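# Geometric and topological summary
These are the residues of each chain, in order.
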Amino acid sequence: MMSEGTLYNYTCSDKGLLLPLINEYTWSREARAFLYLFGLLYCFLGVAIIADVFMCAIEKITSKTRKIILSSTTETEPEVIEVRIWNDTVANLTLMALGSSAPEILLSIIEIVGNSFKAGDLGPGTIVGSAAFNLLVISAVCIAALPHGETKRIRSINVFATTSFFSVFAYIWLLILVAVSPNEVELWEALVTLLFFPGLVTLAFLADKNFFMGKKKSQQKQFELQSAMDQPGQGYFPGGRLDRDSLNNFMKEIKKHPDLSDEDAACLAAARLTEQHEHSRMWYRVGAVRSISGGRKTKPRLSHKLHQVYQTILESEQGKQLKTVAPHEDRSVAIIEFNAATCAVVENVGRIAVTIRRRGNMSNKVSCRVDTIDGTATAGEDYIALKQSITFEPNEEEKKVFVEIVNDNQWEPDETFFLKLMVNEEDRKEAALGRTCIMEITILNDDEPGILQFKRRGILVKENAGIAFISVIRKQGADGIVTVRWRTIDETALSGRDYIGGEGELHFEHGEVEKFIEIPIVDDFNAEKDEHFEVEIFEAKGGAVIGQVNRLTVTITNDDDFNTIMDRLMLLTNVNVDALKLHSESWVGQLKDAMNVNGGDLENATRVDYVMHFLTFGWKIIFAFVPPTSVLGGWASFFFSLGMIGILTAIVGDLAGVFGCLVGLKDTVTAITFVALGTSLPDLFASKAAAQQEKYADNAIGNVTGSNSVNVFLGLGLPWVIAAIYWTAKGEPFDVPSGSLSFSVGIYSATSVICILLLMVRRYSSFFGRAELGGPINASRASFAILVILWFLYILLSSLQTYGYFN
C-alpha cells in the first residue's frame, strides 16, 4: 500500500521538526507506524539514561558541604562537622525537579520554538498528562506497595502542604488565564506564570524552616539529630555512617557465621550502610533507571548465601529495635526469651514442649507471639505450623508451647526449623525480647541421651568484649534431661584479674542440644600480650557422656591486633561503598560502566540485565563521553547532559507527532498517553522503591506535587515568555487555543483536589491507619482503586473532548 500524497508531501511528512530524515513516500502506513513507535520507545530509554547522567551531576552539585568548627574539650583538636550548602527543599524544587521534569519542559520549549513561536498541543498535553500520572498513579502504587498493616507518613507536612497548594493552583491559574484572555496569552500573563516558580521555591523554603509556625527549624533539626544519636537500637550504622564501633557491633553478628570471609563481611557492611543512609528522590530515580537498563546498581546485589545471612542479621537488628536486651541489661521491663537457643527431637516424639521464660520485671501482665519458620524442615510435611499468643500473668515465670512433629516413616537426614518470639505491639513499653528470641529445632532419628562436649577447642575474644560465650553441644542424641559441670582453669590469664572464673552447672532439658557458658571478661585498659585460660566440662549426669573436646582455651587478645583487623575491614567496606557511588570521577570509569553489564559486577548480573544492557549499549557508549562530574564541580556534566536531553526530546517530539498522525491520534491524546507515560515511568519505579525502603513518605509522594508545579511554571511559563516577547515585538498577539487544553486542565484540577483530600483523610483517619501510605489491606486497596479510576477518567474524558464529543 502506497502512502497518500505526493512524492515530497505525503501523509504526516510535515509533523516533525527534524524527522523524517529520508523520504518515506514508498513505505506503507503500517510499517511507518511500527518503526516510529519502536523509535519512540527506544528514545524513551535514551532519555532515561541521559537523565541518569543529569541526576548524577545534580547529586554532585547539591552534595557540596562547608565545614563548621564546634567548641571542643581540647583546644588542639576542635570538633569539625560538615553541613550541606544546598537546602534539601530548595534542591528538590530547583535542580532535582528540573532533573525529573527536564524532558517535559524541553519538549514544550522545542515545540514552540520549532513551530515558529506558535503554540502546539504536544508540549502542554505532555505536561498535564505527566502531572496526572505522577499524582494519581504514582500515589496509588506507593499506597499499595507497603506490606499489609505497615504505614508511612510524610514528615515535612508543611512543605507538602505548600507544594500541594501550588500543584493545584498552577493548573487553576491556567484556567484563570483562559477566562481572562481566551485563546491568547499576553506577555504579563506569561511573566507572572514564570515568576510563580521562584515564589514557590521561596514559600517552600520558609515552610521548611517553620517560618509560619514561629519555630526555628534549625533548632528542631539539631534536637532531632541529637535525639537520634542518643537513642539506642537505631541500627548498626546510624544515619549511614561508618565508624569503628558501628563496624565492631556489626561484625559481632557476622561472626556468628564463621564461614564468611573478610570480603563477604565488608560486602554485607556496605549493603547495610547503603540501606541505612538517608537518600534523596534523585537516588531512587537513578537506581530505577539502572535497574531497567542493566547498569551499575546503586545497591549491592548479594549472592544467595550472603542474602540469607543478611536477612538473619536484619532480623537480629529488628529484635534489638524492639528493645531486645542481654541478661546483664535493663531489668525495668519484662524480658521474654526461650530457655535454650537450640533443641533436637526424634521424629516419632509426637509433640515437644518448648519452655519460654520471663525475667526482669515480674509485676506486670505481658504477652508475646510464637511463630514457626521453615528451615530445611517444611511446615505440613515435617512439623505442624504454629502461630500462638502467650500471656504471662504477674509473677509468672514460665510458659510452655507445644509443637507437633510429623512422623512420615521415611528415612530423612536431620532437618531443622525455627521458633521466633515477637512482643505484641501493645506490650512493647512493658516487655522486651531476650538474647534467645529465635530457637532452632532439629529433628533427629536418635533417642540416645547424647554426648556433651565443646563446640570448638578454642575461641578468641577481645579484651573489651564484656562476656565470653562458650558453646557446649549435645550430639548423637538428645533424649531426656542431662547436666554437666564446668570449671575454669587459670593459665596466663588469672581469675579475678583478667576474667571472672569459677565453677557451675549446665542443665539440658529434653531435646535441647546447645547451651552457653557465660564468663565475664575484665577490661583493665592496659597494653599487654595475649592471655588465655581454660574451661573444662566434667561429671555428666542423666546418661550423657563427656566427648573428646572436654577442654576449651579462651584467648583474650589485646586491642592492637583487633584494631589491625578492623582497619582492614573498614578499608574493604569503604571500597565497597565507593563502588556504589552514583557517578564516576573520570571518563575511563564512565566508559567501564557503560561497556560492562551491571557496572562490571558480572557475578550478580541477571538475564534481564544482559538483555537490557544489549538494548541500551549504544546509548550508554554515547553518553559515556559526557564530561565526568569531577569537571567544574559537576556543572560541565549538568549543562552538557541538559543539552543532550534537549536533542533527544526534540526527536521524541517528532516521533510522537508522526506516530500519532499515522495511527489517527491527535497530538493532545498522544501527549497524555504515550509521551506522558514514557517520561514518567522512571519516576514510578523510583517512588515505589522509596516507599518500600524509606522511613517516611516524603521521597515517595512528597516530591510529586513539587514537580507538578515546576512543570507548569517552567514548562509553560518559560516557552510562553519567549513566544510572547517574539509576538509582542512584532505587534501581534500570541495565540494559544484554549479548547482541549483548558478542558484537560479542568479535569486534572478536579482529580488532583480529590487525590490530595484523600491523602489528608488517610493521614488523620484511623480507618486508613493514620498515614498517607500503607495501612489495613481493605483501606489500601480502596485508595489504590479510587486513584487509578480517577486517572482513567482523566484520560477518557480528555480524549473524548479532544475528538469533539463534548462540543
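Residues numbered from 1 in each chain as written. Predicted model: local features only at pLDDT ≥ 70, side-chain atom pairs only at ≥ 80, totals over all residues. Heavy atoms only, no water.

### Some words on the overall build of the chain
The cut-off we apply is this: Each helix corresponds to a stretch of at least 4 residues labelled H or I by DSSP, and each strand to a stretch of at least 2 residues labelled E; elements are numbered beginning at the N terminus. Exposure categories follow from relative accessible area, calculated using a 1.4 Å probe and restricted to protein chains: below 20% of the type maximum is buried, above 50% is exposed, and the middle band is partly exposed. Should any heavy atoms of two residues lie within 4.5 Å, those residues are counted as being in contact. Only the protein chains shown count as covering a residue, and every accessible area follows the Shrake-Rupley method with a 1.4 Å probe.
Looking only at helices and strands, the chain features 20 helices and 22 strands. In the chain, which comprises 807 residues, the share counted as buried stands at 51%. If you take every contact in the chain between residues at least 6 apart in sequence, the share linking residues at least 24 apart comes to 75%. Carbon together with sulfur atoms contributes 59% to the accessible area of the chain, which is approximately 37500 Å² in total.

### Some thoughts on helix α14 (residues 635-663)
Operational definition: One less than the number of residues in a helix, times 1.5 Å, gives the span that helix is expected to have.
With 29 residues, α14 ought to run about 42 Å at 1.5 Å a step, and its terminal C-alpha atoms sit 41 Å apart, in line with that. Positive phi appears at Gly664, one or two residues downstream of α14, with a value of about 85°.

### What to know about a nonpolar patch on the surface
For clarity, the threshold we go by: Each patch is assembled from residues with relative accessible area greater than 30% and no salt bridge, linking like charges that lie within 9 Å and nonpolar side chains (Val, Leu, Ile, Met, Phe, Trp, Tyr) that lie within 5 Å. Each salt bridge in this description consists of a side-chain nitrogen of Lys or Arg and a carboxyl oxygen of Asp or Glu lying within 4 Å of one another.
Together, Ile172, Ile176, Val180 and Trp188 make up a nonpolar patch on the protein surface, roughly 350 Å² of accessible area in all. Here the element with the most residues in the nonpolar patch is helix α4 (residues 157-180); it accounts for three residues. Summarising the element assignment, Val180 is placed in helix α4.

### What about the sheet that holds strand β14 (residues 458-462)?
Our working definition: One requirement defines pairing of two strands: DSSP has to find at least two bridges between them. To get an axis, a line is fitted to the C-alpha atoms, and for a helix only the part in contact is used. The angle between two axes follows their N-to-C directions and goes from 0 to 180 degrees.
Spatially, five strands are ordered β14-β21-β19-β16-β17 in an open sheet, and the strand pairing comes out mixed. One side of each edge strand has no neighbouring strand; the edge strands of this open sheet are β14 and β17 (503-508). On average, adjacent strands in this sheet sit at an angle of 25° to one another, irrespective of strand direction. Two strands pair when backbone bridges link them, and β14 and strand β21 (residues 551-557) are joined in this way by five bridges, in the parallel orientation. By the bridge assignment, Lys462 is partnered in β21 with Thr557.

### Thoughts on the pattern of salt bridges
Applying the stated criterion to the full structure yields 17 salt bridges. Notably, a salt bridge pairs Glu396 with Lys399, separated by 3.2 Å at the nearest N-O pair. Take Glu396: its relative accessible area is 21%, and that puts it in the partly exposed class. Under the relative-accessibility criterion, Lys399 is labelled partly exposed at 24%. Salt bridges sharing common partners tie together Arg487, Glu534, Glu536 and Arg551.

### A few points about the packing of aromatic side chains
Note the following rule: Aromatic contacts are taken between Phe, Tyr and Trp rings whose centres are within 6.5 Å, Trp giving its six-membered ring; a plane angle under 30 degrees counts as stacked, one over 60 as edge-to-face, and the others as tilted. Definition used: whenever NZ (Lys) or CZ (Arg) falls within 6 Å of the ring centre and also within 35 degrees of the ring normal, the charge is taken to sit over that ring.
Applying the stated criterion across every chain, the model contains 24 aromatic pairs. Consider the rings of Phe165 and Phe166, whose centres lie 5.5 Å apart with planes at 85°: the pair is edge-to-face. A ring pair is formed by Phe767 and Phe768, whose centres lie 5.0 Å apart and whose planes are at 85°; its orientation type is edge-to-face. Exposure remark for Phe767: the relative accessible area of 53% places this residue in the exposed category. The rings of Phe165, Phe166, Phe169, Trp173, Phe196 and Phe713 are connected pair by pair, giving a single aromatic cluster. When the ring centre of Phe402 is taken as origin, the NZ or CZ atom of Arg351, which lies over that ring, is 4.2 Å away.

### Thoughts on the environment of Gly199
Within the secondary structure layout, Gly199 lies in helix α5 (residues 187-208). Judged by its relative accessible area of 27%, Gly199 falls in the partly exposed class. Here the alpha-carbon distance between Gly199 and Phe166, two residues 33 residues apart in the chain, equals 9.9 Å.

### Observations regarding the confidence of the model for the chain
Our working definition: On a scale of 0 to 100, pLDDT captures the predictor's confidence in every residue.
A residue-level look at the chain finds 78% of positions with pLDDT of 70 or above and a mean pLDDT of 78. Summarising per-element confidence for the chain, the mean pLDDT is lowest in helix α6 (residues 217-230) (40) and highest in strand β16 (residues 482-490) (92). Contacts of residues 215-234 to residues separated by more than four positions or lying in other chains number 15 contacts, the stretch itself having pLDDT below 50. Taken as a whole, residues 319-329 scores under 50 in pLDDT and shows 30 contacts with residues more than four places along the chain or in a different chain.

### Let's talk about the sheet that holds strand β6 (residues 351-360)
Overall, mixed pairing links the four strands, which are arranged β9-β6-β4-β11 in an open sheet. Sheet topology places β9 (398-404) and β11 (431-433) at the edges, where each strand pairs with a single neighbour. Neighbour-to-neighbour, the strand axes of this sheet turn through a mean angle of 25°, independent of strand direction. Pairing analysis gives three bridges linking strand β4 (residues 334-338) to β11, with the strands arranged parallel. Note on β11: the bridge partner recorded for Ile336 is Leu433.

### A closer look at the packing of helix α3 (residues 122-145) against helix α15 (residues 667-693)
Packed helices, taken two at a time, are described by the angle between their axes plus the distance between the axes. Defined as follows: Left-handed describes a crossing whose near helix is turned anticlockwise from the far helix by less than a right angle; the clockwise case is right-handed. Ten residues, namely Ala, Val, Leu, Ile, Met, Phe, Trp, Tyr, Cys and Pro, are considered nonpolar, four, namely Asp, Glu, Lys and Arg, are considered charged, and the remaining ones, Gly among them, are considered polar.
For the pair α3 and α15, interaxial distance at closest approach is 7 Å and the crossing angle is 35°. Considering only the axes of α3 and α15, their crossing is right-handed. Residues of the contact of α3 with α15, tallied by class, amount to 14 nonpolar, nine polar and three charged.

### Concerning the state of the cysteines
Rule in force here: Two cysteine sulfur atoms make up a disulfide if the distance between them is within 2.5 Å.
Counting across every chain of the model gives one disulfide. Each sulfur in the disulfide pair Cys12 and Cys661 lies 1.9 Å from the other. Across the S-S bond linking Cys12 and Cys661, the dihedral sits near -80°, which makes this disulfide left-handed. Here Cys661 lies in helix α14 and Cys12 lies in the segment before α1 (29-62), a separation of 649 residues in the sequence.

### A closer look at the nonpolar core
Inclusion rule: Residues grouped as a nonpolar core are buried Ala, Val, Leu, Ile, Met, Phe, Trp, Tyr and Cys residues, joined through side-chain atoms within 4.5 Å.
In this structure, Tyr171, Trp720, Phe734 and Leu773 are the most contacted members of the largest nonpolar core, which totals 113 residues. Beyond its immediate chain neighbours, meaning those up to four positions away, Trp720 contacts Ile112, Leu174, Leu177, Val185, Ala190, Phe734 and Val736. Core analysis: the second largest hydrophobic core is formed by 29 residues, Ala334, Phe338, Val423 and Ile441 among them.

### A word on unusual backbone geometry
Comment: phi is negative for the bulk of residues other than glycine, and the bulk of peptide bonds are trans. Phi at Asn183 is positive, roughly 60°, even though this residue is not glycine. If you trace the backbone, Asn183 turns up in the loop between α4 and α5. Judged by its relative accessible area of 42%, Asn183 falls in the partly exposed class.

### Quick notes on the environment of Val554
Position of Val554 among the secondary structure elements: in strand β21. Here Val554 falls in the buried class, since its relative accessible area comes to 0%. C-alpha of Val554 to C-alpha of Thr488: the two residues are 66 residues apart in sequence and 9.9 Å apart in space. Look past the residues within four positions of Val554 in its chain and what remains in contact with it is Ile459, Val461, Ile470, Glu531, His532, Phe533 and Val535.

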